[in-house]
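# Coordinate inspection notes
Listed here are the chains, written in short residue letters.
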Amino acid sequence: MMMRSILISLSQNSSLRKLLEQTRPGRKLSGRFVAGTTLDDAVRVTETLNAEGFSVSLDSLGESVRTAAGARAAAEIYHLLLDRIAGKSLNANVSVKLTGVGLDVSAGLGEQVTGEIVEHAARLGNFVRIDMEGTPYTEVTLKLTEDLHGRFPGAVGTVLQSYLYRTKDDAERLLGQGIRIRLCKGAYKEGPEHAFPSKADVDGSYVTLAERMVASDVYCGMATHDEKMIAAVERFVKERGIARDRFEFQMLYGVRRDLQRELLGRGYGVRVYLPFGTDWFPYFMRRLAERPANVIFILKNLFKS
Ligand code: FDA
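Our subject in this report is the structure included herewith. Quick caveat, the model's predicted, so the values are computed rather than measured. (Residues numbered from 1 in each chain as written. Predicted model: local features only at pLDDT ≥ 70, side-chain atom pairs only at ≥ 80, totals over all residues. Heavy atoms only, no water.)

Before going further, it helps to examine helix H6 (residues 107-123). In this model, H6 (17 residues) spans 24 Å end to end at C-alpha, consistent with the 24 Å of a helix rising 1.5 Å per residue. Restricting attention to buried positions, one finds in H6 the residues Leu109, Gly110, Val113, Thr114, Gly115, Ile117, Val118, His120 and Ala121. Close packing links the buried residues of H6 with helix H5 (68-87), strand S3 (128-130), helix H7 (138-151) and strand S4 (156-161). Phi for Gly125, located one or two positions after H6, is positive at around 70°. (Helix = DSSP H or I, 4+ residues; strand = E, 2+ residues; numbered from the N terminus. Expected span 1.5 Å × (residues − 1). Buried < 20%, exposed > 50% of the residue type's maximum accessible area, 1.4 Å probe, protein only. Contact = heavy atoms within 4.5 Å.)

Here is the structure:
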């Protein structure tokens, strides 16, 4: 617990951040959870993952954007990325955070910029996943996804979080329109007015929602590293005779690589969520804080090579 608080406070330390983001050892360190800093890095790691049998969702890491110019610059990376994916025939789509493309500057800007990315993806036959952020953004994210799905059917989907009470209804709402969902537990700090306080309830909710989604005719992604959740899904699809290509598992790059390979080996589709970009430090520190044992692992590897 102490290690976790240390890591979280270090994640907000700007000198450490500068040192690591801008130096070679720092960049080497980040390779455990992040593809690298450039588009070329993202493409190279995607090629390796595709060759191993994984599909990929690429996330261009960025801070919450505060200006229209910042939003346009962030979007430009996604446009370049979509063209690189198509040009190289990679098995990859993209994940976008609305606050990363200008939603906090103005709702209109965030919506317009995201619409242009989805339009581009639709033209290329690709897909955009709109990541889900904290509860102030839940409704706006769902509405925008519905609107864009209406304009570009099948080219956009979003994420639902099993820790929220409202997700049961939101799942029906999206499935009813044929909108693809990524199901995760939820990563933001939410109060008991919005989210189940107990882990057991979050897990229970995850299993119920996962069963509903894999039994539906909409192709959904089960995003989790939790073996209990995965076992419950596997048991359910076997019982119901649901084909393995009706859904996929999703995990973060570098997290439980053993489990990722096992699932591929058992014939499931596995998509790796692969972040890249110069702003990798806060993302990296959050992954370490989730499991402080990773710190030891990383230090060992750093000194080995
Ligand atoms: P849980 O946190 O219960 O962990 C289960 C087990 O997983 C742990 O015991 C450990 O073994 C392993 N594990 C977890 N993290 C690890 C780490 N860093 N290193 C090593 N082992 C680790 N959230 C959100 O709010 N909006 C979103 O859009 C997304 N998108 C998203 C995409 C994908 C592909 C994934 C996998 C996750 C997300 N999330 C997310 C994050 C999600 O909500 C959740 O916070 C994390 O996935 C952790 O929850 P688990 O389901 O893995 O279980």
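This brings us to unusual backbone geometry. A positive phi angle is found at Ser89, which is not glycine, with a value near 50°. In this structure, Ser89 sits in the loop between H5 and strand S2 (92-96). Accessibility expressed as a relative area gives 65% for Ser89, which makes it exposed. Look at Arg256: it is not a glycine, yet its phi comes out positive at around 50°.

Turning our eyes to something else, we now look at the nonpolar core. Leu58, Met213 and Met222 are the most contacted members of the largest nonpolar core, which has 73 residues in total. Top element by residues in this core is H5. It accounts for 7 residues. Excluding residues within four positions of it along the chain, Leu58 makes contact with Ala42, Thr46, Tyr78, Leu81, Ile85, Ala92, Asn93, Val94, Ser95, Leu274 and Phe276. (Core = buried A, V, L, I, M, F, W, Y, C linked by side-chain atoms within 4.5 Å.)

This part takes up the pattern of salt bridges. Under the definition given, this model contains 24 salt bridges. The shortest N-O distance in the salt bridge between Lys143 and Glu139 comes to 3.5 Å. In this pair, Lys143 and Glu139 both sit in helix H7, 4 residues apart, roughly one turn of the helix. Arg173 is the partner of Glu139 in a salt bridge, and the nearest nitrogen-oxygen pair spans 3.0 Å. One end of the pair, Glu139, is in helix H7; the other, Arg173, is in helix H8 (residues 167-176), with 34 residues separating them in the sequence. Put simply, Glu139, Lys143, Glu146, Arg166, Asp170 and Arg173 are held in one network by salt bridges that share partners. (Salt bridge = Lys/Arg side-chain N within 4 Å of Asp/Glu carboxyl O.)

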